[in-house]
Amino acid sequence: ARDKTYVLRCWLALGGKEDTLRRGYWDNGEWKMRDEPSDNLAQWLGVRVEGGRVTKLHWEKEWIDEPLKGTIPAEIGALDGLTLLYLDSNQISGHLPLEIGRLTSLIGLSLSS
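Each chain has its residues counted from 1, running along the sequence as written. The model is predicted, so local features are restricted to residues of pLDDT at least 70 and side-chain atom pairs to those at 80 or more, both for listing and for counting; the totals for chains, interfaces and linings are taken over all residues. Side-chain metrics in this entry use all non-hydrogen atoms of the structure; hydrogen atoms and water are not considered.

(A) Up close: the confidence of the model for the protein. Values of pLDDT, which run from 0 to 100, indicate the predictor's confidence residue by residue. Scored by pLDDT, the protein has a mean of 93; 100% of the residues are at 70 or more. Helix and strand definitions here come from DSSP, where helices need a minimum of 4 consecutive H or I residues and strands a minimum of 2 consecutive E residues; each element is numbered from the N-terminal end. Looking over the protein, one finds the lowest element-wise mean pLDDT in helix H3 (residues 61-64), namely 87, and the highest in strand E6 (residues 84-86), namely 97.

(B) Region of interest: the sheet that holds strand E3 (residues 47-50). Taking strand neighbours across the sheet as the criterion, the four strands line up as E3-E4-E6-E8 in an open arrangement whose pairing is mixed. Among the strands making up the open sheet, the edge pair consists of E3 and strand E8 (108-110). The sheet shows a mean angle of 20° between the axes of neighbouring strands, direction not considered. Where E3 lies against strand E4 (residues 53-58), four bridges are found, and the strand directions are antiparallel. Counterpart to Val47 in the pairing with E4 is Leu57. By the convention used here, residues are in contact when the closest approach between their heavy atoms is within 4.5 Å. The convention used is that axes are lines fitted to C-alpha atoms, helices contributing only their stretch in contact, and that angles between N-to-C directions extend from 0 to 180 degrees. Each of E3 and E4 is contacted by helix H1 (residues 2-13), which is oriented at about 20° to E4, the strand it contacts most. We call two strands paired when DSSP finds no fewer than two bridges between them.

(C) How the structure looks around the packing of aromatic side chains. Ring pairs shown here join Phe, Tyr and Trp side chains whose ring centres sit within 6.5 Å, with only the six-membered ring taken for Trp; geometry is labelled stacked below 30 degrees between planes, edge-to-face above 60, and tilted in between. By the definition in use, this model includes three aromatic pairs. Grouping aromatic residues by their ring pairs yields a cluster made of Trp26, Trp31 and Trp63.

(D) Quick look at H1. What a helix should span is 1.5 Å times the count of its residues minus one. Relative to the 16 Å expected for twelve residues at 1.5 Å per residue, H1 spans 17 Å between its end C-alpha atoms, a close match to the ideal helical length. All buried positions along H1 are accounted for by Asp3, Val7, Leu8, Cys10 and Trp11. Relative to the axis of H1, the buried residues are bounded by an arc of 160° and lie together on one face. The elements touched by buried residues of H1 are helix H2 (18-23), E3, E4 and H3. Two residues or fewer after H1 comes Gly15, characterised by a positive phi angle close to 85°. When accessible area is computed with a 1.4 Å probe and restricted to protein chains, residues below 20% of their type maximum are described as buried, those above 50% as exposed, and intermediate ones as partly exposed. To be clear, the arc concerns the directions from the helix axis to the C-beta atoms.

If you want it as structure tokens, here you go:
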């Protein structure tokens, strides 16, 4: 539940729509929306969960079907199980928050535009 709160806060801080995060998914290369929003974090768009912890946020513009805007929030540092963070091709601005240094398991970070 803790990771769910921080994922949602990060998504919203970057200008994403909660409905897209909780309902959107890819099925055999086709973008779809669930009839109802999912409360299962592992079913959220671009989120990988392993062992009950968020390990990957794959929020590239091409993957999420809408550009994220704004700055990466400090709450990202609370996702201490995160190993991969992909935010390519979005409209992200500002500085990386110092809290990103708490992500000691992070092995991949992609912010290219």
